[in-house]
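Okay, here's what each chain looks like letter by letter:
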Amino acid sequence: MLQRTPLFDAHLRAGARMVDFAGWEMPLHYGSQLEEHRRVREDCGMFDVSHMRAVDVSGEDGTRFLRYLLANDVARLDAPGRALYSCMLDESGGILDDLLVYRLQGERYRLIVNAATAEADIAWLQRQAAAYDAAVTPRDYALIAVQGPRAREVVLSMLEGDARGSAERLARFAAVEFGEFFVARTGYTGEDGFELMLPQAGAEPLWTRLREAGVAPCGLGARDTLRLEAGLNLYGQDMNRDTTPLEANLGWTVAWEPAERDFVGRAALERQREGGAPRRLIGVVLDAKGVLRPHQTVLVDGRPCGELTSGSFAPTLGQAIGFARVESGAEGEFEVDIRGRRLPLRVVKPPFVRQGRPNI
Amino acid sequence: MSNTPAELKYAPTHEWLRREQDGTVTVGITDHAQAALGDLVFVEVPEIGRQVSVEEACAVVESVKAASDLYAPVAGEIVAVNEALADAPEQINEDPYGAGWIFKLRPSDEAAIDKLLDAAAYQAQIAEED
């Protein structure tokens with residue numbers, strides 16, 4: 001039996017094609033994935049991401065605990081309301097999950113973790129927390145991401161008084177709480193916008209108000225092409241427990257300083273940094289006709305050197321883009337094998353699309 | 001409910017086939033198939049002159065999400081392909097039985113056409129799949 005979010009009925013009424021995603025019955029699209037993608041780039045769209053899990057960490061040792069658990073350093077969150085992107089690693093430096101961590105008022109933090117890894121993450125966190133004065137509490141909230149150039153304007157128009165003022169003043173990658181309502185200026189599309197977290201009972205009324213305000217419901221299909229254009233990794237596809245941040249183009253999320261901060265996976269990661277990671281993740285563009293897909297073989301000067309981890313038609317660009325994990329030393333003419341045909345790949349630095357504009 | 005024209009023949013793998021006056025047959029994918037695949041962004045058509053056997057994978061239609069093979073509903077020689085799809089694959093979504101046709105072939109055994117599904121049988125099949 002698949003799990004359902006509080007918006008399940010609303011999705012069916014809107015004509016969604018539902019799919020199994022990590023054990024959840026989620027909307028893939030509501031008619032046209034391309035149109036939903038365009039709405040987010042040009043106007044405003046919303047996603048039900050209630051399958052993602054909020055996990056709160058509280059207690060005297062909250063900060064010390066997360067400084068040890070995460071490869072990025074929560075001490076960088078110098079004020080309540082700030083957010084940080086981080087990987088959570090195992091002892092060998094493999095990525096258990098990637099997550100956002102928000103610092104809330106007091107010694108409290110909120111982690112937003114992936115649906116597929118949520119149960120394992122919670123077990124891992126709770127096991128590690130035993131040695132600290134820290135409580136790990138999974139929360140069952142609804143989460144709606146409203147994204148696009150008009151997203152802030154629409155959401156702000158629905159807020160009143162203090163809530164509106166505080167949300168309006170939010171910097172990028174910052175959040176604010178009003179009781180059980182949580183507004184964050186974050187997202188996974190490369191566009192400006194908010195992620196709204198609230199008790200499940202409030203999800204459908206809010207979703208309906210957003211629809212009435214002209215916000216297009218968008219499915220996981222558009223979410224995937226938007227995040228890929230924005231150069232954002234997807235856990236389980238571009239990285240997993242067998243890859244380290246250095247092999248996933250996420251070296252920038254590892255806080256090496258201060259050197260005396262130990263974190264899970266640090267020793268293994270330092271060894272890899274010194275010896276050189278054997279593989280790296282690169283952004284690639286296909287200028288020929290065709291579509292890049294995960295697991296297609298990548299060649300350099302005619303020799304296989306890796307494979308695509310993500311690949312899709314990029315609606316904003318009208319051509320295919322992807323991420324490829326290749327041997328670190330691979331330099332030369334890159335090609336992809338698509339059903340036996342070899343087509344040239346151009347290596348580019350993501351993001352492929354920046355603020356709605358091509359960046360390749 | 002998807003559109004399933006009565007005058008066409010159908011393969012269980014969601015291709016349609018139309019007999020033409022000149023003895024060739026035109027092949028495409030059904031309305032049901034295009035709806036299931038979603039927005040199409042790329043089509044790989046076979047080479048003209050290629051001999052295909054029945055149920056052989058001979059074209060690929062790619063939506064944003066996935067690539068799907070298209071199988072020859074009957075054996076024969078490819079005699080034409082829809083070149084317009086290279087720049088406008090969305091024609092398959094918009095008009096699967098018209099502008100969205102994919103290739104024409106000359107069947108090596110015309111009797112094989114009669115063994116394909118008629119519209120009612122194909123509709124029954126997709127009703128069962130849903």
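Residues numbered from 1 in each chain as written. Chains lettered and ligands numbered in written order. Predicted model: local features only at pLDDT ≥ 70, side-chain atom pairs only at ≥ 80, totals over all residues.

1. Observations concerning the overall build of chain B
Check the secondary structure of chain B and you find 4 helices and 9 strands. Listing each helix as α and each strand as β along chain B from the N terminus yields β-β-β-α-β-β-β-β-β-α-β-α-α. For the C-alpha atoms alone, the extent of chain B along its principal axes is close to 35 × 35 × 25 Å. Taking all 130 residues of chain B together, 42% fall into the buried category. Intrachain contacts of chain B at a sequence separation of at least 6 include 64% that bridge at least 24 residues. (Helix = DSSP H or I, 4+ residues; strand = E, 2+ residues; numbered from the N terminus. Buried ≥ 20, exposed ≤ 12 C-beta atoms within 10 Å, placed from the backbone. Contact = placed C-beta atoms within 7 Å.)

2. Brief notes about the interface of chain B and chain A
Facing the 10 residues of chain B at the interface are 13 residues of chain A. Elements that contribute at least two residues to the side of chain B that touches chain A include exactly β4 (40-44) and β6 (57-63) of chain B. Residues of the side of chain B that touches chain A, tallied by class, amount to 6 nonpolar, 1 polar and 3 charged. (Nonpolar A, V, L, I, M, F, W, Y, C, P; charged D, E, K, R; others polar.)

3. A word on the sheet that holds strand β6 (residues 95-103) of chain A
Residues and elements named next belong to chain A. Pairing is antiparallel in the open sheet, where 5 strands are placed in the order β5-β6-β7-β4-β8. Across the chains shown, the open sheet's two edge strands, defined by having one partner strand only, are β5 (83-89) and β8 (135-139). On average, adjacent strands in this sheet sit at an angle of 30 degrees to one another, irrespective of strand direction. In terms of strand pairing, β5 meets β6 through 7 bridges, oriented antiparallel. (Pairing = 2+ DSSP bridges. Axes fitted to C-alpha atoms, helices over the stretch in contact; angles between N-to-C directions.)

4. Here we look at the packing of helix α2 (residues 33-42) of chain A against helix α8 (residues 220-229) of chain A
All names here are of chain A. Here α2 crosses α8 at 55 degrees, and the two axes come no closer than 8 Å. It follows that α2 is oblique to α8 by the angle criterion. The crossing of α2 and α8 is right-handed. Residue-level contacts link Q33, E36, H37 and V40 of α2 to G221, A222, T225 and L226 of α8. Split by residue class, the contact of α2 with α8 holds 3 nonpolar, 4 polar and 1 charged. (Parallel < 35°, antiparallel > 145°, perpendicular 65-115°, else oblique. Left-handed = near helix turned anticlockwise from the far one by under 90°.)

5. Describing the domain arrangement of chain A
Residues and elements named next belong to chain A. Taken as a whole, chain A is organised into domain 1 (8-47 + 140-229) and domain 2 (278-358). Centre-to-centre separation of domain 1 and domain 2, based on C-alpha positions: 30 Å. With 11 residues of domain 1 in contact, the opposing surface of domain 2 contributes 10 residues. Counting residues per element, the ones that place at least two in the side of domain 1 that touches domain 2 are α2 and α8. With 5 residues, the single largest contributor to the side of domain 1 that touches domain 2 is α2. Here the residues of the side of domain 1 that touches domain 2 sort into 3 nonpolar, 3 polar and 5 charged. (Domains from an automatic or database assignment.)

6. As for the nonpolar core
Residues and elements named next belong to chain A. If you look at the biggest cluster of nonpolar residues, it comprises 132 residues, and the most contacted ones within it are V101, I144 and V146. Shared between two domains, this core holds at least three residues of each, these being domain 1 (8-47 + 140-229) and domain 2 (278-358). If we ignore the near neighbours within four places in the chain, the residues touching I144 are M46, D48, L196, A203, L206 and W207. (Core = buried A, V, L, I, M, F, W, Y, C linked by C-beta atoms within 7 Å.)

7. Regarding the pairing of strand β7 (residues 109-113) of chain A
All names here are of chain A. By the criterion of burial, β7 is predominantly enclosed, with 5 of the 5 residues buried. On β7, burial covers both faces: Y109, L111 and V113 on one face and R110 and I112 on the other are all buried. In this structure, strand β4 (residues 53-58) lies alongside β7, joined through 5 bridges in antiparallel fashion. In the sheet register, V57 faces β7, and the bridge partner there is Y109. Here β6 runs beside β7; their pairing, made up of 4 bridges, is antiparallel. Looking at β7, one finds that R103 is bridged to Y109.

8. Structural notes on unusual backbone geometry
Among all residues save glycine, negative phi is the norm, and among peptide bonds the norm is trans. All names here are of chain A. Residue E257 is joined to P258 through a cis peptide bond whose omega torsion reads -5 degrees. Looking along the chain, the bond that leaves P350 and enters P351 is cis, with omega of 5 degrees. Note on placement: P351 falls in the loop between β19 (341-348) and β20 (353-354). At H295, a residue that is not glycine, the phi angle is positive and equals roughly 80 degrees. Position of H295 among the secondary structure elements: in the loop between β14 (279-286) and β15 (297-300). Note on H295: 9 C-beta atoms within 10 Å, which makes it exposed.

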